[in-house]
Amino acid sequence: MMRTYCRRVEIPVLGEVAVPPPDKLTYYAGLGVLAALQVIEWPLALVITAGHLLADQHYSGLVKGVGEALESA
């Protein structure tokens, strides 16, 4: 099941930012807690988070491309 980031928040320096669904926020918070408790290192937590964000964007684009192809068929 694909979920899109439909909620957006305005952050003064960054501008409008998409907010992930609650299950993703829980995952990222868990990584933050593990890093804060020094169970994993901060760079590792950042790499894992970045990988998940990039994977979500890739799959979202893939699904969008398939949908557009089906519409034109």
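First things first, this report covers the structure right here in the doc. (Residues numbered from 1 in each chain as written. Predicted model: local features only at pLDDT ≥ 70, side-chain atom pairs only at ≥ 80, totals over all residues. Heavy atoms only, no water.)

**Remarks on the pairing of strand 2 (residues 15–19)**
If a strand is regular, its side chains alternate between the two faces of the sheet. What counts is decided by this rule: Any two strands with at least two DSSP-identified bridges between them are counted as paired. Runs of E in the DSSP output that reach at least two residues are strands. Runs of H or I that reach at least four are helices, and both are numbered from the N terminus.
Across five bridges, the pairing between strand 1 (residues 7–11) and strand 2 is antiparallel. Within strand 2, the position partnered with Arg8 by the bridge is Ala18. With antiparallel pairing between neighbouring strands as the criterion, strand 1 and strand 2 make up a hairpin whose turn holds three residues.

**Details of a nonpolar patch on the surface**
Put simply, the rule reads: Only residues whose relative accessible area exceeds 30% and that form no salt bridge are eligible for patches; like-charged ones are grouped when within 9 Å, while nonpolar side chains (Val, Leu, Ile, Met, Phe, Trp, Tyr) are grouped when within 5 Å. Surface accessibility follows the Shrake-Rupley procedure with a 1.4 Å probe radius. Residue values consider only the protein chains on display as shielding. Throughout this description, the term salt bridge denotes a Lys or Arg side-chain nitrogen within 4 Å of a carboxyl oxygen of Asp or Glu.
On the surface, Val9, Ile11, Val13 and Leu14 cluster together into a nonpolar patch covering about 400 Å² of accessible area. Structurally, the position occupied by Leu14 is in the loop between strand 1 and strand 2.

**Things to note about the environment of Val33**
For clarity, the threshold we go by: Here's how the labels work: a residue is buried when its accessible area is under 20% of the maximum for its type, exposed when over 50%, partly exposed in between, all with a 1.4 Å probe on protein chains only.
Along the polypeptide, Val33 turns up in helix 1 (residues 22–36). Overall, the relative accessible area of 45% leaves Val33 in the partly exposed class. Measuring from C-alpha to C-alpha, the distance between Val33 and Ala45 comes to 9.7 Å, with 12 residues separating the pair along the chain.

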